[in-house]
Amino acid sequence: MAGVPLPARCWWGQRGPSTQLALRQKNTCAHNNTHKAHANGIKKRKRTKYVSTRGMDPKFLRNQKFCKKYNGSKRTQED
């Protein structure tokens, strides 16, 4: 069927689908969407309190654990 010429006028227009005009351009509308979005309130995203330590260097995490443990608030230095 590759060598068969197209007829002069097809159901989609003049000699091929490339000349077909788009009849409808707009597929969505924002008529009621802002009202629906504000019905329950537009909320800020929740922020995490602490950064995840998953995948961090184990040597760094071990050092960080001891730094938190002996930060100076529990022990006093004697001069």
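Quick look at the structure, then. Source: prediction; values computed, not measured.

Once that is clear, we can look at the overall build of the chain. On a plain count of helices and strands, the chain comes out with two helices and zero strands. Every one of the 79 residues in the chain was classed for burial, and the buried ones make up 4%. A total of about 9,000 Å² of accessible surface is found on the chain, and carbon and sulfur atoms cover 54% of it.

Centre-to-centre distance and the angle between the planes together describe a pair of aromatic rings. Going through the model one piece at a time under the given rule, you end up with zero aromatic pairs. The ring of Phe 66 carries the charged tip of Lys 65 above its face, separated from the ring centre by 5.2 Å.

Another point: a nonpolar patch on the surface. Together, Val 51, Met 56 and Phe 60 line one region of the surface with nonpolar side chains, adding up to about 300 Å² of accessible area. Examined against the element boundaries, Phe 60 turns out to sit in helix 2 (residues 58–69). Judged by relative accessible area, Phe 60 falls into the partly exposed class, the value being 43%.

Moving on to a positive patch on the surface. Together, Lys 59, Arg 62, Lys 65 and Lys 69 make up a positively charged patch on the protein surface. Structurally, Arg 62 is set in helix 2.

Calculation rules
- Residues numbered from 1 in each chain as written.
- Predicted model: local features only at pLDDT ≥ 70, side-chain atom pairs only at ≥ 80, totals over all residues.
- Heavy atoms only, no water.
- Helix = DSSP H or I, 4+ residues; strand = E, 2+ residues; numbered from the N terminus.
- Buried < 20%, exposed > 50% of the residue type's maximum accessible area, 1.4 Å probe, protein only.
- Areas by Shrake-Rupley, 256 points an atom, 1.4 Å probe, with all protein chains shown as cover.
- Phe/Tyr/Trp six-rings, centres within 6.5 Å; stacked < 30°, edge-to-face > 60°.
- Lys NZ or Arg CZ within 6 Å of the ring centre and 35° of its normal.
- Patch = residues over 30% accessible without salt bridge, like charges linked within 9 Å, V, L, I, M, F, W, Y side chains within 5 Å.
- Salt bridge = Lys/Arg side-chain N within 4 Å of Asp/Glu carboxyl O.
- Lys, Arg positive; Asp, Glu negative; His and termini not counted.
- Charge placed at Lys NZ, Arg CZ, Asp CG, Glu CD.

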